[in-house]
Every structure is written in structure tokens, then in C-alpha cells.
Amino acid sequence: MDFFNANLLTFMTFAPIVGGTLILLMPKDKATAIKTIAAVAACVSMVLSIVAFFSYNQAAAATDPAMQYQFVQKTPWVESLGISYHVGADGISLVMMLLTGIVGFMGVLISWGIKERPREFFAFFMFLVAGVFGVFMSLDLFLLLFFYELSIFPMYFLIANWGSTRKEYAAMKLTLYLLVGSIVALVGILAVYFSADPAAMGLPAGQRTFDMLLLQKGNIPLDVQRLWFLPIFIGFGVLAGIWPFHNWSPDGHVAAPTAVSMIHAGVLMKLGAFAALIAVRLLPDAAKEQLPFVIFLVTVNVVYGAAIAMVQKDFKYVIGFSSVSHMGLVTMGFATMNQTGLNGAVLQMWSHGIMTACFFSVVGLIYDRAHTRQIPELGGWAKYFPLATLAFVVGGLVSMGMPGFSGFVAELQIFMGLWAGPYFGQIWYYPIIAILAIWGVVLTAAYVLRVVQQVFFGEWDPHKWHDLRPSTWGDKLALGTFTVLMILVGVFPGWMMNMIQLGTAPVMKLLGG
């Protein structure tokens, strides 16, 4: 059991890598075997993420700071540079790993109908999922950057080869935005690496390390913190769709195949927010000074994203700009700098991840049969896909923050935290920001109701469509799972919130709260 616990995160992350490698070794005409390998690998990772989530010793983590990170494994990699294979999981990362496991497995099921080069598609998808798992488990910043890049590059090939509507343009735009952002963040991390005090970290003079837990004790000079906080935070925040560096996101959503849209919006954007939070952990003094200005950018995210979603006619663009808006709420929760807001931000990452994966599943289901995403051309699909309609309506209620659903629990805490202000004292314009941001929720309700009415409850003309295949068992399992989870966390949020609080409390301690 000790061996299993010590290697649990490694098994979770490398199962998709092994699966992807086996898939590449398969003959290209063995489509069923290829899909089966992908499903088994994704299922193994999902099961291990569930095991890790429920095996985490919450009582020990609450009383012993040394138990904040569990399932820890550390092996020297490049000792001369202070690089190690150091992994572990806390309350935040375990929630994100659980999200990744569920969305990744459901993405494989949704993609079961892929006929064009399935070997390459599922191999790249497996490597993408492995990269995301790797970021969430990494406690070494070099290792984190390695997995971060591993999660970006498969996106280019998946969109450029299996996407639609300007797919090469969208794939290149996404890759360049995210690559430039990660390079900027890398330069900032190197500045932290060379500025940390070895003595404060308990290291011999002149020795450096990429160990995140040691760097948090590194007494980084305030001038270095002030100079490099924003490059690291926004460099990673590009992947979270932070305004004005969000333009890649809606185009990437629209061009990507369904499963890639699910993992892109459902998990990959959370990876950006998770990595941006590392800047807060490493440079807390600068975070307290500069996050009150970052909040202006994310307010634009929330309101602008919702307003643009409101006027879109392409079904997928509505969901794409909706993601920009909702991810703004996540960063807004970070900027509250109190535990209520941080708790809401992490739960919003989970809630939005499940919700948007559900949305893109439904969009893909309809597009594969209607061969159009133009909302005015669709109508009456509730009669043909009642389960998909139910899933989309539940997702819409989550999106608009309706009580009884996961979005309400998350957004309420973010707005409460924003109204209360940072732990060290209220900032006068934070309540004004809260009032402005609430208009994003109002606009969300408007575009969700518009889409539901026009796509699902409009006039149904069966003679208009010539490819009315029934939904597959994989589609039904994915949509049913997403629907149950959105309701479960909304009605019984405690099991998720207890875990999240154990992850956010140490962040508040680093901030001085």
C-alpha cells in the first residue's frame, strides 16, 4: 500500500502516456483496438484520480502543515541545477485531477465515432491529458513547465488536423499565444530561481533549486517580486483567457473537435489559472500590491465575454465567449485575497469545467447530425435529444448561478469575497467591481435562455436533417455523468468544499492572512 500511495500520482499521469505510446505502435486499421486502449488508459487515470481524492487524509492536512501535500514522491533529476521529479497533491490539485480524469475519460467516449486517422488522434489526446495531469501534480517548477508544454503542443495537431472552420488559423493562433505566455512566465520563474536565498531555503551557499515548496521560503526580494509577479501571473493567465490576451480562446474552441473543446475549456483553461496561482504562492508580497489592479482586467473578462456571447449566432462561439466570461470570475476570486473568494474561485474551476464539457458535448452531438452550428437554422432538438436537452438546461442553470446547482455555490462565494475585500482591509472600489461584474451573470442568463429557446424548443423539422443518428451509449454516459455532478455539488457542496478549503488555507497563510 505504501508503494501504491507513493507512486499513485505517477501511475495516474503516465497511464495516458503508456496508452498513447501503445496506440502509436498499433496498425492504423485497428480502430476498435486503438479506441479501447485509449478508453482503458483514460479510465485508469480517472479511477486513480477518484482514489486519490477520497484517500487524501483531510484530518491530518487540517492539523499538520507537513501533510498539506500527500502522495509525495521526490527523486533527483538534474541535481546540479536543483531539478527533481517532485510530485504531490493538495486540496486544490486533487480537485483539478478529479476534473481532468472525468473530462478526459468522457472525451474518449464522445470521440468514439472518430474515423479519420484514429491512431494519431487518440495518441495526441492521451499525451494532452497526461500533460494536464502532470502540471497539477508537479511540485518542481521545471517539471511543471515540462508538462505545461506537453499539454499545449498536442492541441495544435488535434485542432489543425481534426478541427473545422479555419482550423489551421485557430491552431496556430492558440499555439503562439500560449507559447509566448509560457516563455514570459519561464523568464519570471528563472528570475525567482536566481533570486531566492539558499540559506532561507536550508541549502548550501550558491545552490539553486526549482522546488516550489522551498522557493516559497526563499525570501525573494520585494523589488524582484514587483518586477516579475505580473509576467508570471499573466504569462500563465493567458491560458486562462485573461483579457486582453483571450482572443485565441474562442477561435480555438470553435475549430477544435468536440473532445478537444471539452478538454480545452473544461480542463486546459483551469490549468492556466492553477499555474497563475503559483505566482501568488511564490511572490505573495507583490500579489497583495498588484492583484487589486489585475481585477480591472478580469472585470472586462466577465462582462465583455458575456456581452459578446449574447450576440453570437454560432452555437460554439456562444460557449467559447461564455468560457472567457466565467474564467474571469475565477481570477476575480483570486484577487479577493480572502479565503471565501479563493474557495469560490477553485470551486468555479471545477463547476465551469464540468459545465462547459457538458455544453461542448451537446454542441458536438447536434453538429455531427445537423452539420451546422448556426443558431437561427436550428430548432426543436429537444424532441430528438431529450437527454442532451436536459443536460444543456442543467448546464445553463449552473452557468447563470441558479441556487441548487454548483455554479451558485461557487459564484456566491466569489461575490461575497469580493464584497468583503482582502483580508488586510477593504479596497474602496471592490464593491463597485462586484456590482459591475454581476451584469455578467445577468447577460449569462439572457444568452443561455436565448440558446435554449432557439436550439431546443424552436420548431422541429425532421425533413430538414438527413443524418439523424441516435446518440451513442458513450454520449449518454458522458451527459448523464456531467448532469449528476452539476446537481450533486450544488445540493451537497460540503464534500468538495472541505477539500478545497484545505488547499486554499495555506495560500492565505503565504499571503499573510
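All values derive from a computational prediction rather than experimental measurement.

Student: Looking at this structure, I do not really get the overall build of the protein. What am I missing?
Tutor: Along the protein, the regular secondary structure elements total 19 helices and two strands. Here the C-alpha atoms of the protein give a radius of gyration of 22 Å, agreeing with the 24 Å that 2.2 N^0.38 yields for 513 residues. Expressed as lengths along the three principal axes of its C-alpha atoms, the size of the protein is roughly 75 × 60 × 40 Å. Among the 513 residues that make up the protein, the fraction classed as buried is 63%. Across the protein, contacts joining residues at least 24 apart in sequence account for 79% of those joining residues at least 6 apart. As presented, the protein carries roughly 18200 Å² of accessible surface, and 69% of it is formed by carbon and sulfur atoms.

Student: Explanation requested: helix α13 (residues 315–336) in the structure shown.
Tutor: The periodicity of an α-helix, 3.6 residues per turn, causes residues three or four places apart in sequence to face the same way. Taking 1.5 Å of rise per residue, the 22 residues of α13 would be expected to cover 32 Å, and the 33 Å separating its terminal C-alpha atoms lies within 8% of that figure. In terms of burial, α13 is a largely internal element, 22 of the 22 residues being buried. Of the residues flanking the start of α13, the one acting as N-cap is Asp314, its side-chain oxygen 2.8 Å from the backbone nitrogen of Lys316. Looking one or two residues beyond α13, the residue adopting positive phi is Met337, at roughly 55 degrees.

Student: Got a minute to help me understand the nonpolar core in this structure?
Tutor: The nonpolar side chains of a soluble globular protein tend to be buried with one another. Counting residues in hydrophobic clusters, the biggest one holds 197 residues, and the most contacted among them are Phe233, Phe236, Phe315, Trp350, Ile366, Trp381 and Phe482. If one sorts the elements of this core by residue count, helix α11 (residues 258–282) sits on top with 18 residues. Here Phe236 is in contact with Leu144, Leu145, Tyr148, Gly181, Ala185, Ile189, Gly272, Ala275 and Ala276, once residues within four sequence places are set aside.

Student: What's the story with the side chain of Ser93 in this structure? I'm lost.
Tutor: Relative to the helices and strands, Ser93 is located in helix α4 (residues 91–110). According to the relative accessible area criterion, Ser93 is buried, its value standing at 1%. Engagement of the side chain of Ser93 in a polar contact is seen with the backbone nitrogen of Asp90, the distance being 2.8 Å. Contacts of Ser93, omitting those with residues within four sequence positions, involve Gly88, Phe136 and Phe274.

Student: Help me understand the packing of aromatic side chains in this model?
Tutor: For any pair of aromatic rings, geometry is given as the distance between the ring centres together with the angle between the planes. Counted according to the given criterion, the structure contains 28 aromatic pairs. Aromatic side chains Tyr429 and Tyr430 sit 5.7 Å apart centroid to centroid with 50 degrees between the ring planes, which places their arrangement in the tilted category. In this structure, Tyr429 and Tyr430 share a single accessibility class: buried. Above the plane of the ring of Tyr367 lies Arg373, whose end atom (NZ or CZ) is 4.9 Å from the centre.

Student: Mind showing me how you'd approach the pairing of strand β1 (residues 70–78) here?
Tutor: Along a regular strand, successive side chains alternate from one face of the sheet to the other. Pairing of β1 with strand β2 (residues 83–89) involves six bridges; the strand directions are antiparallel. What sits directly across from Thr75, in β2, is Tyr85. The turn linking β1 back onto β2 is made up of four residues, and Gly82 within it adopts a positive phi angle of 75 degrees.

Student: Help me understand the environment of Val311, please; the structure alone is not making it clear to me.
Tutor: With respect to the secondary-structure elements, Val311 resides in the loop between α12 (284–310) and α13. Taking the C-alpha atoms as reference points, Val311 and Tyr447, 136 residues apart in sequence, are found 8.0 Å from one another.

Student: Honestly, the packing of α4 against α11 in this entry has me stumped. Any pointers?
Tutor: Remark: α4 packs on α11, axes separated minimally by 8 Å, with the N-to-C direction vectors making an angle of 165 degrees. By the angle class used here, α4 and α11 are roughly antiparallel. Between α4 and α11 lies a crossing whose hand is left-handed. Of the residues in α11, those in contact with Ile92, Ser93, Met96, Leu99, Thr100, Val103, Gly104, Met106, Gly107 and Ile110 of α4 are Thr258, Ala259, Met262, Ile263, Gly266, Val267, Lys270, Phe274, Leu277 and Arg281. Per-class residue counts for the contact of α4 with α11 are 12 nonpolar, six polar and two charged.

Student: Would you take a moment to explain the pattern of salt bridges for this structure?
Tutor: Between side chains of opposite charge, pairing is possible as soon as their charged atoms come close. Summed over the entire model, instances satisfying the criterion amount to five salt bridges. Across the pair Glu289 and Arg226 runs a salt bridge, and its minimum N-O distance is 2.9 Å. Placement of Glu289 in helix α12 and of Arg226 in helix α9 (residues 222–237) is noted, with a sequence separation of 63 residues between them. Its relative accessible area of 43% is what places Arg226 among the partly exposed residues. The residue Asp314 makes a salt bridge to Arg373 at a minimum N-O spacing of 3.1 Å. Highlighted residues: Asp314 in the loop between α12 and α13 and Arg373 in the loop between α14 (339–370) and α15 (386–399), separated in sequence by 59 residues. Accessibility assignment for this pair places Asp314 and Arg373 in one class, buried.

Student: Sorry, what's going on with the environment of Ala335 here?
Tutor: Along the chain, Ala335 turns up in helix α13. The spacing of Ala335 and Phe296 is 39 residues in sequence and 9.9 Å in space, taken between C-alpha atoms. Once residues within four sequence positions are removed from consideration, Ala335 is found in contact with Leu291, Ile295 and Tyr430.

Student: Please explain the packing of helix α16 (residues 406–420) against helix α17 (residues 430–456) as it appears in this structure.
Tutor: Two quantities define a packed helix pair, namely the angle between the helix axes and the distance between the axes. Interhelical geometry of α16 versus α17 gives an angle of 155 degrees and a closest axis separation of 8 Å. With respect to their mutual orientation, α16 and α17 come out roughly antiparallel. Counted together, Glu411, Phe415, Leu418 and Trp419 of α16 and Tyr430, Pro431, Ile433, Ala434, Ile435, Ala437, Ile438 and Val441 of α17 form the full contact between these two elements. Of the residues that constitute the contact of α16 with α17, the class distribution is 11 nonpolar, no polar and one charged.

Student: Help me understand a nonpolar patch on the surface in this model?
Tutor: A cluster of nonpolar side chains, namely Trp77, Val78, Leu81, Phe142 and Phe146, defines an oily patch on the protein surface of about 450 Å² accessible area. Within the residue set of the nonpolar patch, elements represented by two or more residues are β1 and α6 (141–162). Locating Leu81 in the fold gives a position in the loop between β1 and β2.

Student: Is there a simple way to think about unusual backbone geometry in this case?
Tutor: Leave glycine aside and you will find that most residues have negative phi; peptide bonds, for their part, are mostly trans. Each neighbour pair has its own omega, and for Trp243 with Pro244 the value is 5 degrees, a cis peptide bond. Structurally, Pro244 is set in the loop between α9 and α10 (248–255). Even without a glycine there, the phi angle at Phe71 is positive, about 60 degrees. A positive phi is found at Met337, a non-glycine position, where the angle reads about 55 degrees. With respect to the helices, strands and loops of the structure, Met337 is situated in the loop between α13 and α14. Owing to a relative accessible area of 0%, Met337 belongs among the buried residues under this scheme.

What counts, and where the lines are drawn
- Residues numbered from 1 in each chain as written.
- Predicted model: local features only at pLDDT ≥ 70, side-chain atom pairs only at ≥ 80, totals over all residues.
- Heavy atoms only, no water.
- Helix = DSSP H or I, 4+ residues; strand = E, 2+ residues; numbered from the N terminus.
- Rg over C-alpha atoms; globule rule 2.2 N^0.38 Å.
- Buried < 20%, exposed > 50% of the residue type's maximum accessible area, 1.4 Å probe, protein only.
- Contact = heavy atoms within 4.5 Å.
- Areas by Shrake-Rupley, 256 points an atom, 1.4 Å probe, with all protein chains shown as cover.
- Expected span 1.5 Å × (residues − 1).
- Polar contact = N/O pair within 3.5 Å; in protein donor to acceptor, adjacent residues only side chain to side chain.
- Core = buried A, V, L, I, M, F, W, Y, C linked by side-chain atoms within 4.5 Å.
- Phe/Tyr/Trp six-rings, centres within 6.5 Å; stacked < 30°, edge-to-face > 60°.
- Lys NZ or Arg CZ within 6 Å of the ring centre and 35° of its normal.
- Pairing = 2+ DSSP bridges.
- Axes fitted to C-alpha atoms, helices over the stretch in contact; angles between N-to-C directions.
- Parallel < 35°, antiparallel > 145°, perpendicular 65-115°, else oblique.
- Left-handed = near helix turned anticlockwise from the far one by under 90°.
- Nonpolar A, V, L, I, M, F, W, Y, C, P; charged D, E, K, R; others polar.
- Salt bridge = Lys/Arg side-chain N within 4 Å of Asp/Glu carboxyl O.
- Patch = residues over 30% accessible without salt bridge, like charges linked within 9 Å, V, L, I, M, F, W, Y side chains within 5 Å.

Function cannot be inferred from these measures alone, as they are strictly geometric.
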